[in-house]
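# A look at the structure
Listed below, chain by chain, are the residues.
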Amino acid sequence: MLVLSRRIGESIIIGDDVEVKILKVDNGVVKLGIIAPAAVKIYRNEVYRTVAQQNISAVVKDAKDVENLKEVFRHVDKDR
Amino acid sequence: MQYKTKLGEFDLSDKEVVVFPNGIPGFEDLRRFTVISLEETAPILWLVSLDDDNVALPIIDPWMILEDYEVQMSQEDIEILKVEDPSEIVVWSILTIPMGKPQEATVNLKAPILINLKTGLGCQTILEKYEIKYPLSGHTSGSEGSDSKESMKENESNYGGDQ
């Protein structure tokens, strides 16, 4: 891991076309400005991890769940 | 070709195999999936892994859940899926059904599955808006208010000013 210090208003360049600028440091919270091509996806780490966890918990464990699904849609029909 | 899956064995043509070049979050190593439609679970379909016969995810048309749902594809999505015409894309949302508690099922509207029917490529994108656990039943207008607040918060902190 590369560790370096930056002051407010300074930035780092990652690769050829990603710039990360320190905008504000306030009470332990760092505000970053990121300049990157549209094709570069930027996620807060926890957002990606949350999606991964949700996918893992969505995996159906056994065939009984399939039968339960009908019940799910009885609820939907009732509500809409 | 014959594939063994969580839902049984299926004989699939190459055209029915969807390749996810990056896998999906949590299953980065699984690249080949197919969508299976079972009469007994309609309108729920299945995103079934062809690489791991333990993995099957229930999916649903998100517009069945939220009429004004919107998916904005990123440049990266367009490149992964090799999109030429947006009408080639189908969108699915993954359902999470807690064991024995189907009434607590939720829909992941935040991270839909996108499949390009023409190229047979797929990806799971992550949207700025929407909840990852949108309740399937008993959703009230009150919780939709917090929904939009959440997406505003993310817009502010997720990206720099020019994105």
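Preceding this paragraph is the structure being described.
Computed from a prediction, not measured in an experiment: that's the story for all the values here.

With that settled, consider the overall build of chain A. Of regular secondary structure, chain A possesses two helices and three strands. In sequence order, chain A lays out its α and β elements as β-β-β-α-α. Expressed as a percentage of its 80 residues, the buried residues of chain A come to 26%. Counting only contacts in chain A whose residues sit at least 6 apart along the sequence, the fraction spanning at least 24 positions is 0%. For chain A, the accessible area works out to roughly 5,700 Å², and carbon and sulfur atoms hold 54% of it.

Glycine aside, the phi torsion of most residues is negative, and most peptide linkages are trans. Residue and element names in this part refer to chain B. A42 connects to P43 through a cis peptide bond whose omega is 10°. Along the chain, P43 falls in the loop between β4 (32–37) and β5 (45–49). Even without being glycine, Y130 reaches a positive phi, approximately 80°. Position of Y130 among the secondary structure elements: in the loop between β9 (121–124) and β10 (134–135). Overall, Y130 belongs to the buried group, its relative accessible area being 9%.

Residues and elements named next belong to chain A. If you walk across this open sheet you meet the three strands as β1-β2-β3, and the pairing is antiparallel. On the outer flanks of this sheet lie β1 (11–14) and β3 (29–35), each paired with one strand and no other. Within this sheet the neighbouring strands show an average axis-to-axis angle of 25°, counted without direction. Bridge count for strand β2 (residues 18–26) against β3 is seven bridges, and the pairing is antiparallel. Looking at β3, one finds that E19 is bridged to I35.

The next thing to look at is the packing of aromatic side chains. Residue and element names in this part refer to chain B. One pass over the full model with this rule turns up four aromatic pairs over all chains. Summarising the aromatic geometry, the rings of F20 and F33 are spaced 4.9 Å apart at their centres and angled 65° between planes, so their arrangement reads as edge-to-face. Of this pair, F20 sits in the loop between β3 (18–19) and β4 while F33 sits in strand β4, placing them 13 residues apart in sequence. The pair formed by F20 and F33 is uniform in burial state, with each residue classed as buried. An angle of 70° between the planes, with centres 5.6 Å apart, marks the rings of W63 and Y69 as edge-to-face. With relative accessibility at 36%, the residue W63 sits in the partly exposed group.

Conventions we followed
Sequence order as written defines residue numbering, which begins from 1 separately in each chain. The lettering of chains begins at A and the numbering of ligands begins at 1, in the order of writing. Predicted model: local features are reported for residues with pLDDT of at least 70 only, side-chain atom pairs are reported and counted for 80 or more only, and whole-chain, interface and lining totals are derived from all residues. Hydrogens are left out, water is left out, and the side-chain values use all remaining heavy atoms of the structure. The secondary structure listing takes helices from DSSP runs of H or I that are at least 4 residues long and strands from runs of E that are at least 2 residues long, numbered from the N terminus. For each residue, the accessible area found with a 1.4 Å probe, counting protein chains only, is set against the maximum for its type, and the residue is called buried under 20%, exposed over 50%, and partly exposed in between. Any two residues having at least one pair of non-hydrogen atoms within 4.5 Å are treated as being in contact. What sets the accessible areas is the Shrake-Rupley method with a 1.4 Å probe; for residues, cover comes only from the shown protein chains. Two strands are counted as paired when DSSP detects at least two bridges linking them. Axis definition: a line fitted to C-alpha atoms, limited for helices to the stretch in contact. Angles are taken between N-to-C directions and run from 0 to 180 degrees. The aromatic pairing rule takes the rings of Phe, Tyr and Trp, using the six-membered ring of Trp, and pairs them if the centres are within 6.5 Å, calling planes under 30 degrees apart stacked, those over 60 edge-to-face and the rest tilted.

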